[in-house]
Amino acid sequence: MSESLRLVRHRIGLIERHATAAVPPAHALAPSLVATGHGAIDQALGGGVMRGRVHEVLGENGEAGSASGFAALLARLIGGEMLWLGEEAAWRGAGALCPAGLAAIGLDPARLIVGVLPDAVAVLRAAVDGLRCPALGGVVIALAGDPRALDLTASRRLALAAEAHGVTAILLRLGGQATPNAAQTRWRVAAAPSLPRATNAPGDPAWEVELLRQRGRPDGGRWRVEWDSEQGRLCDRHETGGAALPGAVAALPVDRPARPRATLRQAG
């Protein structure tokens, strides 16, 4: 067993021991649907993002950072302790998580456990273990490309574990293609230009998101959205007027480097 995986399991064990039957985890007390705050997206989802399911986020070539940011946003909306598992190739492609960036969307880095494992097989095995821990709010599973280990059977294992224990899986695919799997929703994510603040300071994160498919409900929908840091929700970009984007729009990535203000609990 790798040292990183051993530490991840140790920390999950600590979380489980601190969780008691008298005080169930936050996600067990909350509704099964988590609203994003964006009216059109929540309507398309039937009320919001469904807990205890697998949600796939696709970041095509050049969009690894944007997809990782959107996955972090979903994790923030889901709430609770989060486990972020990534294979080394995905970690190198997307870069290490920035605590200041996580804090900017309201995701407390202190509630995030990060494990970097050597390959997709190790990541998927650890992810199933994580999803079986009801004290966690969710597990982010970051994979690079199209690993053979992520077949329909593997995705069904993730889905069964998520549904059985009420823990949400966010399957972050960096540079991979859409393939049949057991995900509840599939999103394609790209960067959008951020609107500067009045003082010309960097604005809130913005994305172009497309709902490619969802189980049990109509597919489709494309929006350019921005994170409202004051309200803690997704909203439309001002120039879109609340409407879905009618066609292809070039994504303009915006880099906003910041000095980390906190330290992630990284296993490994």
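Above this text is the structure in question.
Heads up: these notes are all about the structure in this document. Because the structure is predicted, anything quoted here is derived from the model rather than measured.

## Re the pattern of salt bridges
Step number 1: Applying the stated criterion across every chain yields a total of seven salt bridges.
Step number 2: Salt-bridge contacts for Glu208 lead to Arg224; the nearest nitrogen and oxygen are separated by 3.8 Å. Taken as a pair, Glu208 in strand 9 (residues 206-214) and Arg224 in strand 10 (residues 222-228) lie far apart in primary sequence, 16 residues in all. For the residue pair Glu208 and Arg224, the accessibility class agrees, reading buried in each case.
Step number 3: One continuous salt-bridge network, built from bridges that share partners, spans Glu56, Asp146, Arg173 and Arg186.

## Digging into the pairing of strand 8 (residues 185-191)
Step number 1: Of all seven residues that make up strand 8, six are buried, and the element is covered over most of its length.
Step number 2: Pairing of strand 3 (residues 54-59) with strand 8 involves four bridges; the strand directions are parallel. Note on strand 8: the bridge partner recorded for Val57 is Trp187.
Step number 3: The pairing of strand 8 with strand 9 spans seven bridges and is classified as antiparallel. Considered in strand 9, the bridge of Ala190 is made with Glu208.

## Here we look at the packing of helix 7 (residues 120-131) against helix 8 (residues 152-165)
Step number 1: The interhelical angle for the contact between helix 7 and helix 8, taken along N-to-C directions, is 15°, at an axis separation of 8 Å. Judged by the angle between their axes, helix 7 and helix 8 are roughly parallel. As helix 7 runs across helix 8, the sense of the crossing is left-handed. Mapping the contact onto sequence places Leu124, Ala127, Val128 and Leu131 in helix 7 and Ala154, Arg157, Leu158, Ala161, Ala162 and His165 in helix 8.
Step number 2: Here the contact of helix 7 with helix 8 is built from residues that sort into eight nonpolar, one polar and one charged.

## Focus: the environment of Val123
Step number 1: In this fold, Val123 is placed in helix 7.
Step number 2: Between the alpha carbons of Val123 and Glu88 there is a distance of 9.7 Å; along the sequence they are 35 residues apart.
Step number 3: Setting aside chain neighbours within four positions, we find Val123 in contact with Leu85, Gly86, Glu87, Leu117, Ile141, Ala142 and Leu143.

## A few points about the nonpolar core
Step number 1: Counting residues in each nonpolar core, the largest one holds 41 residues, and the members touching the most others are Phe70, Trp84, Leu172, Trp187, Trp207 and Val209.
Step number 2: When residues of this core are assigned to their parent elements, the largest contribution, ten residues, is made by helix 4 (residues 64-78).
Step number 3: Dropping the residues within four chain positions of it, Phe70 is found in contact with Val57, Trp187, Val189, Trp207, Val209 and Leu234.

## Things to note about helix 8
Step number 1: Helix length check: helix 8 (14 residues) gives 20 Å between terminal C-alpha atoms against 20 Å at 1.5 Å per residue, within 8%.
Step number 2: Among the residues of helix 8, those classed as buried are Ala154, Ser155, Leu158, Ala159, Ala161 and Ala162. For helix 8, the angular spread of buried residues about the axis comes to 165°, placing them on one side. Those residues of helix 8 that are exposed and aimed more than 90 degrees away from the buried face are Arg157, Leu160 and Ala164.
Step number 3: Along its buried surface, helix 8 packs onto strand 3, helix 7 and strand 6 (136-144).

## Topic: the pairing of strand 4 (residues 81-87)
Step number 1: Counting buried positions along strand 4 yields seven of seven residues, so the element is predominantly enclosed.
Step number 2: The alternating pattern of strand 4 places Glu81, Leu83, Leu85 and Glu87 and Met82, Trp84 and Gly86 on opposite faces, both of which are buried.
Step number 3: Here strand 4 runs beside strand 6; their pairing, made up of six bridges, is parallel. The residue of strand 6 that forms the bridge with Gly86 is Ala142.

What counts as what
- Sequence order as written defines residue numbering, which begins from 1 separately in each chain.
- Confidence filtering applies because this is a predicted model: local features only for residues at pLDDT of at least 70, side-chain atom pairs given and counted only at 80 or more, and all residues used for totals across whole chains, interfaces and linings.
- Only hydrogens and water are set aside; all other atoms, that is, all heavy atoms of the structure, feed into the side-chain values.
- Note on definitions: salt bridges are taken to be side-chain nitrogens of Lys or Arg within 4 Å of carboxyl oxygens of Asp or Glu.
- Every helix listed is a DSSP run of H or I at least four residues long, and every strand listed is a run of E at least two residues long, numbered separately from the N terminus.
- Exposed residues in this analysis have more than 50% of their type's maximum accessible area, buried residues have under 20%, and partly exposed residues fall in between, with area computed by a 1.4 Å probe over protein chains only.
- By the convention used here, strands pair only if DSSP detects at least 2 bridges between them.
- An axis is simply a line fitted to the C-alpha atoms; with a helix, the fit covers only the stretch in contact. Between two such axes, the angle follows the N-to-C directions and lies from 0 to 180 degrees.
- Small angles under 35 degrees read as roughly parallel and large ones over 145 as roughly antiparallel, with 65 to 115 read as roughly perpendicular and the rest as oblique.
- Handedness of each helix crossing follows the sense of rotation of the near helix against the far helix: counterclockwise by less than a right angle gives left-handed, clockwise gives right-handed.
- Contacts between residues were defined by any pair of non-hydrogen atoms, one from each residue, lying within 4.5 Å.
- In this classification, the charged set is Asp, Glu, Lys and Arg, the nonpolar set is Ala, Val, Leu, Ile, Met, Phe, Trp, Tyr, Cys and Pro, and all remaining amino acids, among them Gly, are polar.
- Only buried Ala, Val, Leu, Ile, Met, Phe, Trp, Tyr and Cys residues count toward a nonpolar core, and they belong to the same one when joined by side-chain atoms within 4.5 Å.
- Under the convention used throughout, the expected extent of a helix is 1.5 Å for every residue step, that is, one less than its residue count.
- Working definition: the arc comes from the directions between the helix axis and the C-beta atoms, pointing outward to the latter.

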